[in-house]
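# Secondary and tertiary structure notes
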Amino acid sequence: QVQLVESGGGLVQVGDSLRLSCAASGRTFSSVAMGWFRQAPGKEREFVAAISRWSGVLTSYTDSVKGRFTISRDNAKNTTYLQMNSLKPEDTAVYYCAARSRDGLPRTISLVDSWGQGTQVTVSS
């Protein structure tokens with residue numbers, strides 16, 4: 001089991017940038033594929049981005065964030081990041097870090113083995 005702790009959320013203006021961090025513990029971090037999901041009020045939790053385990057050569061993004069968000073990982077720091085640029089009001093949500101300790105990317109809720117507690121991102125217009 002992997003323990004995940006997110007940080008970096010906050011209140012920003014439209015067009016601003018924000019970087020979320022997710023610190024992992026409890027398992028060899030490099031062997032875990034990582035991802036980010038988000039959940040807006042009244043909506044279901046949705047996939048945002050994912051990165052493969054080991055070197056992180058594979059990444060995946062939902063269409064609405066392509067070109068604006070970047071997921072990365074630093075195995076030496078046991079941390080994954082989500083760099084969010086050109087933020088929009090529709091990006092407002094609680095962002096959850098996710099981990100998958102087996103092959104494949106955590107691109108759906110059913111593929112996630114561990115969740116963080118979430119961090120709020122609010123984009124004000």
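Let me begin by describing the structure that accompanies this report.

Rules used in this analysis
Residues numbered from 1 in each chain as written. Predicted model: local features only at pLDDT ≥ 70, side-chain atom pairs only at ≥ 80, totals over all residues. Heavy atoms only, no water. Buried < 20%, exposed > 50% of the residue type's maximum accessible area, 1.4 Å probe, protein only. Helix = DSSP H or I, 4+ residues; strand = E, 2+ residues; numbered from the N terminus. Pairing = 2+ DSSP bridges. Polar contact = N/O pair within 3.5 Å; in protein donor to acceptor, adjacent residues only side chain to side chain. Phe/Tyr/Trp six-rings, centres within 6.5 Å; stacked < 30°, edge-to-face > 60°. Salt bridge = Lys/Arg side-chain N within 4 Å of Asp/Glu carboxyl O. Disulfide = S-S within 2.5 Å. Contact = heavy atoms within 4.5 Å.

Let us now look at the pairing of strand 8 (residues 79-84). With five of its six residues buried, strand 8 lies for the most part within the structure. The pairing of strand 3 (residues 18-25) with strand 8 spans six bridges and is classified as antiparallel. Looking at the pairing, Leu 20 lines up with Leu 82 of strand 8. Sheet topology note: the strand 7 (residues 69-74)/strand 8 ladder contains six bridges and is antiparallel. Within the sheet, the bridge partner assigned to Ser 72 lies in strand 8 and is Tyr 81. The antiparallel pairing of strand 7 with strand 8 creates a hairpin that spans four residues between the two strands, and Asn 78 there sits at a positive phi of about 55 degrees.

This next bit is on the environment of Thr 122. Here Thr 122 shows up in strand 11 (residues 119-124). Sequence separation of Thr 122 and Cys 22 is 100 residues, and the distance between their C-alpha atoms is 18 Å. Within the local environment of Thr 122, its side chain forms a polar contact with the side chain of Gln 120, the two groups lying 3.3 Å apart.

Another point: the packing of aromatic side chains. Each aromatic ring pair is characterised by the separation of its centres together with the angle its planes make. If you walk through the whole model with that rule in mind, you get three aromatic pairs. Between Phe 37 and Phe 47, the ring centres sit 5.7 Å apart and the planes meet at 75 degrees, which makes this aromatic pair edge-to-face. Separated by ten residues along the polypeptide, Phe 37 in strand 4 (residues 33-39) and Phe 47 in strand 5 (residues 46-51) bring together distant segments of the chain. For Phe 47, a relative accessible area of 11% translates into the label buried. Seen in terms of ring centroids, Tyr 96 and Trp 115 are 6.4 Å apart; in terms of plane orientation they differ by 85 degrees. Their pairing is edge-to-face. You can see Tyr 96 sitting in strand 9 (residues 93-100) and its partner Trp 115 sitting in strand 10 (residues 114-115), a full 19 residues away along the chain.

Time to look at the pattern of salt bridges. Applying the stated criterion across every chain yields a total of six salt bridges. Residues Asp 91 and Arg 38 are paired through a salt bridge, measuring 3.0 Å at the closest nitrogen-oxygen approach. Taken together, the residues span a long stretch of sequence, with Asp 91 in the loop between strand 8 and strand 9 and Arg 38 in strand 4 at a distance of 53 residues. Using a relative accessible area of 1% as the deciding quantity, one classes Asp 91 as buried.

Moving on: the state of the cysteines. In total, this model carries one disulfide according to the counting rule given. Disulfide partner of Cys 22: Cys 97, at an S-S distance of 2.0 Å. Its torsion about the S-S bond being -85 degrees, the disulfide of Cys 22 and Cys 97 is classed as left-handed. Highlighted residues: Cys 22 in strand 3 and Cys 97 in strand 9, separated in sequence by 75 residues. Side by side, Cys 22 and Cys 97 carry an identical accessibility label, which is buried.

Below, the discussion takes up the side chain of Thr 119. Take Thr 119: it is sitting in strand 11. Exposure remark for Thr 119: the relative accessible area of 12% places this residue in the buried category. Only 3.3 Å separates the side chain of Thr 119 from the backbone nitrogen of Gly 9, close enough to count as a polar contact. When sequence neighbours within four positions are dropped, the list of residues in contact with Thr 119 reads Glu 6, Ser 7, Gly 8, Gly 9, Leu 20, Ala 93, Val 94 and Tyr 95.

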